[in-house]
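# Inside the fold
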Amino acid sequence: MANEARKLQQAQIRLQKSLNNFVVEMGTDAKNHFVRSFRNQGFEDASIEKWQPRKRTNYRTRSGKVVDDTNRAILVKTGDLRRSIKVLNKSYRSITLGSDLPYAQIHNDGLYGNAYGKYRFKMPKRQFIGHSKKLIDQLRMKLDKRIVNVFR
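These notes cover the structure that comes with them. (Residues numbered from 1 in each chain as written. Predicted model: local features only at pLDDT ≥ 70, side-chain atom pairs only at ≥ 80, totals over all residues. Heavy atoms only, no water.)

Of regular secondary structure, the chain possesses 4 helices and 8 strands. Counted from the first residue to the last, the chain has its helices and strands arranged as α-β-β-β-β-α-β-β-α-β-β-α. For 152 residues, the compact-globule estimate of 2.2 N^0.38 gives 15 Å, and the C-alpha radius of gyration of the chain, at 22 Å, exceeds that figure by more than 25%. Along the first, second and third principal axes, the C-alpha atoms of the chain reach 80 × 30 × 30 Å. (Helix = DSSP H or I, 4+ residues; strand = E, 2+ residues; numbered from the N terminus. Rg over C-alpha atoms; globule rule 2.2 N^0.38 Å.)

On to the pairing of strand E6 (residues 95-98), then. Consecutive side chains of a regular strand alternate in pointing toward one face of the sheet and then the other. Here strand E5 (residues 86-90) pairs with E6 via 4 bridges, running antiparallel. Paired with Val-87 across the strands is Leu-97, a residue of E6. Following E5, the chain reverses through 4 residues before pairing antiparallel with E6. (Pairing = 2+ DSSP bridges.)

This part covers a nonpolar patch on the surface. Taken together, the side chains of Tyr-103, Ile-106 and Leu-111 present a nonpolar region at the surface, about 220 Å² in accessible area. On the basis of relative accessible area, Ile-106 is assigned to the partly exposed category, the value being 32%. (Patch = residues over 30% accessible without salt bridge, like charges linked within 9 Å, V, L, I, M, F, W, Y side chains within 5 Å. Areas by Shrake-Rupley, 256 points an atom, 1.4 Å probe, with all protein chains shown as cover. Salt bridge = Lys/Arg side-chain N within 4 Å of Asp/Glu carboxyl O. Buried < 20%, exposed > 50% of the residue type's maximum accessible area, 1.4 Å probe, protein only.)

Our focus in this paragraph is the packing of aromatic side chains. Enumeration over the complete set of coordinates arrives at 3 aromatic pairs. Seen from their ring centres, Phe-34 and Phe-43 are 6.3 Å apart, and the 20 degrees between their planes marks the pair as stacked. Centroid distance Phe-38 to Phe-128: 5.3 Å. Interplanar angle 45 degrees. Geometry classified as tilted. In this pair, Phe-38 is assigned in helix H1 (residues 2-40) and Phe-128 in the loop between strand E8 (119-123) and helix H4 (133-150), connecting sequence segments 90 residues apart. Comparing Phe-38 with Phe-128, the two get one shared label, buried. Taken together, the ring pairs connect Phe-38, Trp-51 and Phe-128 into an aromatic cluster. Geometry around Tyr-59 places Lys-77 over its ring, the cationic atom sitting 4.0 Å from the centre. (Phe/Tyr/Trp six-rings, centres within 6.5 Å; stacked < 30°, edge-to-face > 60°. Lys NZ or Arg CZ within 6 Å of the ring centre and 35° of its normal.)

Moving on, we get to the pattern of salt bridges. A full pass over the atoms with the stated rule returns 9 salt bridges. Salt-bridge contacts for Lys-134 lead to Glu-44; the nearest nitrogen and oxygen are separated by 2.9 Å. With Lys-134 in helix H4 and Glu-44 in strand E1 (residues 42-44), this residue pair connects regions lying 90 residues apart in the sequence. The salt bridge involving Lys-86 is made with Asp-100; its shortest N-O contact spans 3.1 Å. Highlighted residues: Lys-86 in strand E5 and Asp-100 in the loop between E6 and helix H3 (104-109), separated in sequence by 14 residues. Taken together, the shared-partner salt bridges in this structure form one network comprising Glu-25, Asp-29, Lys-142 and Arg-146.

From the geometry alone we can't say anything about function, so treat these as descriptive.
Right under this line is the structure:
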């Protein structure tokens, strides 16, 4: 009996260590999943929901030069938004990812309204971060494998 109790206690310790490591891996996997949105030009939930294309493909810089950005990826000009995705909060039970850029939520959720009361504008929703069925399914499979391996 004492031997079995010791084995169970060792398995519980291995499981706790494994789960602690899994939270870190889960954050990395989630970040990679969300960053892939920029490559896919859409958010992957159950399937990839493609982003609405930009209306304007040419713009004028401050110096007056006209720039043709027809081939530029949507939501990627400097790469700051993509690089801003990071772990905001982490505990032994959960992990929260997000962006600290002020315009990230506007792009992710979309925005509709009046600008200065003069004209209406519409920023389409181009979600790049949020709940994803595919990500949850991948993490569940990974967790199941980890738990099975602990009790081998």
